[in-house]
Each structure stands twice: as C-alpha cells, then as structure tokens.
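Structural characterization, general
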Amino acid sequence: MCRFLAYSGAPVFLEDFVASPCHSLIHQSLHAEEAKTGTNGDGFGVGWYGERAEPGQYREVRPAWSDENLLSIARQVRSHLFFAHVRAATGTATTRANCHPFVHGRYLFMHNGQIGGYCTVRRRLEALIPDALYGARAGTTDSEALFLLALAHIEEGMAPGAALAAALSDVLSLMDETGVREPLRCAAALADGETIHAIRWSSDARPPSLYVCPRPDSVVIASEPVDAARECWQALPCNTLVTVRGGRVTSSPFLVGLRQAA
C-alpha cells in the first residue's frame, strides 16, 4: 500500500508537510505505521498548482528518502494546493509513468489501494477508457486506469465525486463478471486546482487508512498523520467522500454499486 498527502489552504512550502514534520511523507516512505508494508520505496511524486491552470509535476523512481532533488523542490516550491505520494508497487513496474500523482489537463489524481484480480480485468478495464483519453495512458497501473475512467465520467457531465463512484462501479462490475473474489480497496484524491475530492472506500471491511486535519488556514488529508497534533487528525469512516474547497470541509456517504445493465 502507498502513502499520500493532499493540502489545500494558505500557500506553504511543500517541505512543510513532505519533509519537515516528525512523520512527514518522506519519513513514511521508510517508516509507514498503518500500511501493509512499512517501506514505500517504489518511486514518489509531487504535483502542485501555481499561477497556471495546469499543475506542475515531479515524479521519480528512486525512493523518496534518497532523492536530493525532492528536498530541493519541496524547499523552493510554494503552493495553495498540492499532492504528494510515495509508492509501494502492487505488481506493476517501477517506472516514472507509474508513479503518482497523475496529471491530465487541470486535474491531479493519486490513489492508494488495489483492484483485486487486476491482471484478470485489466484488458477489459482499459477497453472502457474512451479513445480521446486512452492516448493519455502512459503507464500500466490500475490507478491510472481508474483516473482516466473517472475523467471520462466527468466529461459526460458527472460531478467529480459521482465520477469517482461511477469509475469504481465500472471496476467492481468487471470483477463480478469475471468471477474475481479479491477485494477492491481505494483511498484516492482528485483535484482541479480549486477543490479536492477524497474518498475512502472498500468492497470489504478493510479500506486503506485516510485522515483529515482541518486547521485555521488549511486542510490536510493524509494516509497517516504527519505530525504530533493528533487531536486534529480525524480518521475518515469507511465509504466516505470528503470535499475541500475554500477552507470548507464537507463529507458524505460514498456509495458504489454494480453497474446497471444497458
């Protein structure tokens, strides 16, 4: 399982959460406390919004703890909304294209979890991605496929939260049709430069960990608390959607069902 962090609020340097705290994301890359494995060394990435609509991005296949360029970038880049992710691969190659966060247009996306039986459903899953978006598929992960499916539903007119639910419904239906009995587990975050939509969901009772920490001038969402202010960090209930915009945090049930037959 991977670890990630999303920030929205008053502009800060990325290092304030990625590198500096006692349980920063870089620390979690080597010493995660609430994941299947304590080490998340199969690459990392950061994505941030600045003065342009499209986010900036830096991804690398080296472990986050050993990349001096990450420390330099995190020290210099200041942003009001950014994502950071450290990866523990679940069967796909350790390549830059497979590192999160993923970018398409103005959207940022990152994911922690896995699609059960991905090798079984992968070909049919990719076939659901429209031609106009399939050209953006640069890697081989289930995460990127899920992102492009969600974007397809957004382009159909769905709100981002509903689009994420529809994408997971697509996946769950394929798993059901092919007889996959392994679970579908997902913690994910999607942003458009102004709003973050984050979900914690699982087809069984073991979703990946996810916390939210509202502060006076910001909101942080993370796989694990990054600092010692434990009273701030609230674990999201399973099957929950959290939306962050303009300092306001709203949560609602996140429901995923099997796709209805046409």
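The shown structure was predicted, so the numbers you read here are calculated from the model rather than taken from an experiment.

Interhelical geometry of helix α6 (residues 142-155) versus helix α7 (residues 160-177) gives an angle of 125° and a closest axis separation of 8 Å. Our classification of the angle between α6 and α7 gives oblique. Remark: the crossing between α6 and α7 carries right-handed chirality. Note on element contacts: α7 touches α6 through Pro 160, Ala 163, Leu 164, Ala 166, Ala 167, Leu 168, Asp 170 and Val 171, opposite Leu 146, Leu 149, Ala 150, His 153 and Ile 154. Looking at side-chain class alone, the contact of α6 with α7 contains eleven nonpolar, one polar and one charged residues.

Here the largest pocket is characterised by a volume of approximately 170 Å³. Counting only elements with at least two residues in the lining of the largest pocket, the list comes to β6 (107-115) and α4 (118-127). Counting residues per element, the lining of the largest pocket draws most heavily on α4, at three residues.

This part covers the pairing of β6. Of all nine residues in β6, eight are buried, a share of seventy percent or more. With three bridges joining them, strand β5 (residues 102-104) and β6 adopt antiparallel strand pairing. Bridge assignment links Phe 102 to a residue of β6, and that residue is Phe 109. Between β5 and β6, which pair antiparallel and follow one another directly, the connecting turn spans two residues, one of which, Gly 105, has a positive phi of 60°. Pairing geometry for β6 and strand β7 (residues 184-191), over eight bridges, is antiparallel. Opposite Met 110, over in β7, you have Ala 189 as the bridge partner.

This brings us to the packing of α4 against α7. As a packed pair, α4 and α7 sit with axes 10 Å apart at the nearest point and diverge in direction by 130°. With respect to α7, the element α4 is oriented oblique. Between α4 and α7 lies a crossing whose hand is right-handed. In this structure, α4 contributes Val 121, Arg 124 and Leu 125 to the contact, and α7 contributes Val 171, Leu 174, Met 175 and Glu 177. Each residue belonging to the contact of α4 with α7 can be placed in one class, and the counts come to five nonpolar, no polar and two charged.

Attention now moves to the sheet that holds strand β8 (residues 195-202). Taken together, the six strands give an open sheet; going across it, the order is β5-β6-β7-β8-β12-β13, and neighbouring strands pair in antiparallel fashion. Bordering the open sheet on either side are β5 and β13 (248-253), each of which pairs with just one other strand. Mean inter-strand twist for the sheet, computed between neighbouring axes without regard to direction, equals 15°. As paired strands, β8 and strand β12 (residues 240-245) are joined by six bridges and run antiparallel to one another. Counted as the bridge partner of Arg 200 is Thr 240 from β12. Against the sheet, α6 engages β5, β6 and β7, with an angle of about 130° to β6.

Turning our eyes to something else, we now look at the pairing of strand β9 (residues 211-215). Inspection of the sheet shows β9 paired to strand β10 (residues 218-222) by five bridges, in the antiparallel sense. Bridging across to β10, Tyr 211 finds its partner in Ala 222. Where β9 meets strand β11 (residues 234-235), two bridges bridge the pair, whose relative direction is antiparallel. Looking across to β11, one finds that Tyr 211 is bridged to Ala 235.

Rules used throughout
- Residues numbered from 1 in each chain as written.
- Predicted model: local features only at pLDDT ≥ 70, side-chain atom pairs only at ≥ 80, totals over all residues.
- Heavy atoms only, no water.
- Axes fitted to C-alpha atoms, helices over the stretch in contact; angles between N-to-C directions.
- Helix = DSSP H or I, 4+ residues; strand = E, 2+ residues; numbered from the N terminus.
- Parallel < 35°, antiparallel > 145°, perpendicular 65-115°, else oblique.
- Left-handed = near helix turned anticlockwise from the far one by under 90°.
- Contact = heavy atoms within 4.5 Å.
- Nonpolar A, V, L, I, M, F, W, Y, C, P; charged D, E, K, R; others polar.
- 1 Å grid on protein atoms, 1.4 Å probe; cavity = no way out; pocket = protein on both sides within 12 Å on 5 of 7 lines; lining within 4 Å.
- Points joined across faces, edges and corners; volume = space filled by probe spheres on them.
- Buried < 20%, exposed > 50% of the residue type's maximum accessible area, 1.4 Å probe, protein only.
- Pairing = 2+ DSSP bridges.

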